[in-house]
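# Breakdown of the fold
The primary structure of each chain is shown beneath.
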Amino acid sequence: MTIFRRTFIASALASALLAAPFAALAQDIKPRLIRFGYGLVENSNQGRAVKFFADHVEKASGGKMRVRAIGAAALGPDTQMQQALIGGAQEMMVGSTATLVGITKEMALWDTPFLFNNAREADAVLDGPVGQKVMDRLQAGGLVGLVYWENGFRNLTNSKRAVQKLEDLDGIKLRVMQNNVYLESFKTLGANAVPMPFSELFGALETKTVDGQENPYNTILSSKFFEVQKYLSITNHVYSPWIVTVSKKWWDQLSKDEQNVLMDAARASRDFERKDTREEAGRALAELRAKGMQINELPASESARMRSKLSAVNAGIAANVGQELWNETQAALAALRK
Ligand code: KDG
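Presented here is a report on the structure given in the accompanying data block. (Residues numbered from 1 in each chain as written. Predicted model: local features only at pLDDT ≥ 70, side-chain atom pairs only at ≥ 80, totals over all residues. Heavy atoms only, no water.)

Here we come to the site of the ligand. Taken together, the neighbourhood of the ligand is formed by 13 residues, with Asp78, Asn151, Arg154, Arg175 and Asn215 sitting nearest. At 2.7 Å, a side-chain N or O of Arg175 approaches an oxygen atom of the ligand. At a separation of 2.9 Å, an oxygen atom of the ligand approaches a polar side-chain atom of Asn215. Relative to its free-state accessible area of 320 Å², the ligand is covered by the protein chains to the extent of 97%. Under a 2 Å grid-point criterion requiring more than half of the atoms, the pocket assigned to the ligand is the largest cavity. (Near = heavy atom within 4 Å. Polar contact = N/O pair within 3.5 Å; in protein donor to acceptor, adjacent residues only side chain to side chain. Areas by Shrake-Rupley, 256 points an atom, 1.4 Å probe, with all protein chains shown as cover. 1 Å grid on protein atoms, 1.4 Å probe; cavity = no way out; pocket = protein on both sides within 12 Å on 5 of 7 lines; lining within 4 Å. Sits in = over half its atoms within 2 Å of the grid points.)

Turning our attention to unusual backbone geometry. Notably, Ala73 is not glycine yet its phi reads approximately 55 degrees, a positive angle. Here Ala73 lies in the loop between strand 2 (65-70) and helix 3 (78-87). Its relative accessible area of 16% is what places Ala73 among the buried residues. Even without being glycine, Lys224 reaches a positive phi, approximately 60 degrees. Position of Lys224 among the secondary structure elements: in the loop between helix 8 (217-222) and strand 9 (231-234). (Helix = DSSP H or I, 4+ residues; strand = E, 2+ residues; numbered from the N terminus. Buried < 20%, exposed > 50% of the residue type's maximum accessible area, 1.4 Å probe, protein only.)

A few words now on the side chain of Ser44. Along the chain, Ser44 turns up in the loop between strand 1 (32-37) and helix 2 (45-60). The exposure class of Ser44 is buried, given its relative accessible area of 0%. Reaching out from Ser44, the side chain makes a polar contact with the backbone oxygen of Val41 at a distance of 2.6 Å.

Okay, the sheet that holds strand 4 (residues 143-153) next. The 5 strands are arranged 2-1-3-10-4 in an open sheet whose pairing can be described as mixed. For this open sheet the edge positions go to strand 2 and strand 4, each flanked by a neighbour on one side alone. Across the sheet, the mean angle from the axis of one strand to that of its neighbour is 20 degrees, orientation sign disregarded. Pairing of strand 1 with strand 3 (residues 92-96), which is carried by 2 bridges, proceeds in the parallel orientation. Its bridge partner being in strand 3, Phe36 is matched across the sheet by Met92. Sitting on the sheet, helix 3 is in contact with strand 1, strand 3, strand 4 and strand 10 (239-247), with an inclination near 145 degrees to strand 3. Of the strands in this sheet, strand 4 and strand 10 touch helix 5 (residues 129-136), which is tilted by about 125 degrees from strand 4. (Pairing = 2+ DSSP bridges. Axes fitted to C-alpha atoms, helices over the stretch in contact; angles between N-to-C directions. Contact = heavy atoms within 4.5 Å.)

Following this line, the structure appears as structure tokens:
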């Protein structure tokens, strides 16, 4: 028997075994409905990954678990969805780790400017012991973290001027996520930092309530910020993760089989999302330039000044998340950089 036939039979057997517990129930229970909320539009890296997750869950459960993907912040901004999960009014969401610091202070670790130099380091730390430890802390707040997805390295856009040196940020009204590290970081850099939910951002840029914002290329593209932002200045000032979370109240009443289906789908969606996001990011700069954005890269000397100025927030993060976790993170990064 060829290797292909053996592999095909093995995978068909595995799918059948996974679906078996649900098949036995097929005739007598309604599908379990799961509302999965997210903030970006359907045609975005975030939206595509939620759809991938939903398809995977339906297939693996033999149709006994159905995920309703609800995008564009239709269920509210990240902070509102987080509260709905904690209260059990919504089952799942994906959003920024940065908006979770009010529930789990250790999430601030991922806000550290220039923490990761590249995606390899981010994947290794987020999917390793440190990432799991931070994720586990969510449970005390009523959430269960499943996996991290990639939002990506964040860059500056604004409607006033190209940011060629730090002084160009002076007086720029810059929207930041509702998170003290982001607020402090951009105040330190001289911007007039304005915390605001993502769901209000496009309107605020359009009406010039704020001059600029910072997000990965993927989000700048899918959220059409190029329509209301002239300048894109490449800074890669922080790697921003998303995290897929579940209501603990709801999770705890699922069967082990149901939890396994969701966990398997979450891991598969993480791998899909990172690949999709990186492929799209690779094309995004050219697409944003074609849409009329003026793109510049911060000179290395200015990037070094930015790193040095922003290192002032690191001590506060270490104190906030705990010196032991901070040291464990730095050790993990040192090992990756050997
Ligand atoms: O709901 C949108 C958020 O999940 C995410 O995009 C956060 O990067 C973010 C921002 O700028 O708010």
